[in-house]
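# Coordinates in review
So you can see what is in the structure, the chains are spelled out below.
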Amino acid sequence: MQLTVYYNKDDEWLIEKLKAHAYAERKSVSAVVLTALQAYFEEGEPPLGEIERKKERKPRRR
């Protein structure tokens, strides 16, 4: 997978923080970004298997 991030001069401070964090963790900048995205999307979201199982349930009869 390839991801391109475009940013402007106002966002430069954030990119510098990413680079500093990546250097401190001895990771690439892309690995730090992917870790942050993974944490963001996993927080509060049910696992994909849970979503699929809910769709398979049959409606209750009344």
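The rules behind the values
- Residues numbered from 1 in each chain as written.
- Predicted model: local features only at pLDDT ≥ 70, side-chain atom pairs only at ≥ 80, totals over all residues.
- Heavy atoms only, no water.
- Axes fitted to C-alpha atoms, helices over the stretch in contact; angles between N-to-C directions.
- Helix = DSSP H or I, 4+ residues; strand = E, 2+ residues; numbered from the N terminus.
- Parallel < 35°, antiparallel > 145°, perpendicular 65-115°, else oblique.
- Contact = heavy atoms within 4.5 Å.
- Nonpolar A, V, L, I, M, F, W, Y, C, P; charged D, E, K, R; others polar.
- Salt bridge = Lys/Arg side-chain N within 4 Å of Asp/Glu carboxyl O.
- Buried < 20%, exposed > 50% of the residue type's maximum accessible area, 1.4 Å probe, protein only.
- Expected span 1.5 Å × (residues − 1).
- Phe/Tyr/Trp six-rings, centres within 6.5 Å; stacked < 30°, edge-to-face > 60°.

## Focus on the packing of helix α1 (residues 12–25) against helix α2 (residues 29–42)
Closest axis-to-axis distance for the α1/α2 pair is 8 Å, and the angle between their directions is 100°. Comparing the axis directions of α1 and α2 gives the class roughly perpendicular. Contacts from Leu-18, Lys-19, His-21 and Ala-22 in α1 reach Val-29, Val-32 and Val-33 in α2. Tallied by class, the residues present in the contact of α1 with α2 amount to five nonpolar, one polar and one charged.

## Let's talk about the pattern of salt bridges
Following the criterion strictly, the structure yields one salt bridge and no others. Lys-9 is paired through a salt bridge with Glu-12; the nearest N and O atoms lie 3.2 Å apart. Given the relative accessible area of 30%, Glu-12 is considered partly exposed.

## What to know about α1
Compared with an ideal rise of 1.5 Å per residue, which puts 14 residues at 20 Å, α1 spans 20 Å between its outermost C-alpha atoms and is within 8% of the ideal. After α1 finishes, the residue Arg-26 shows a positive phi value of roughly 60°.

## A short note on the packing of aromatic side chains
By the definition in use, this model includes one aromatic pair. Ring geometry for Tyr-40 against Phe-41: centres 5.0 Å apart, planes inclined by 85°, an arrangement best described as edge-to-face.

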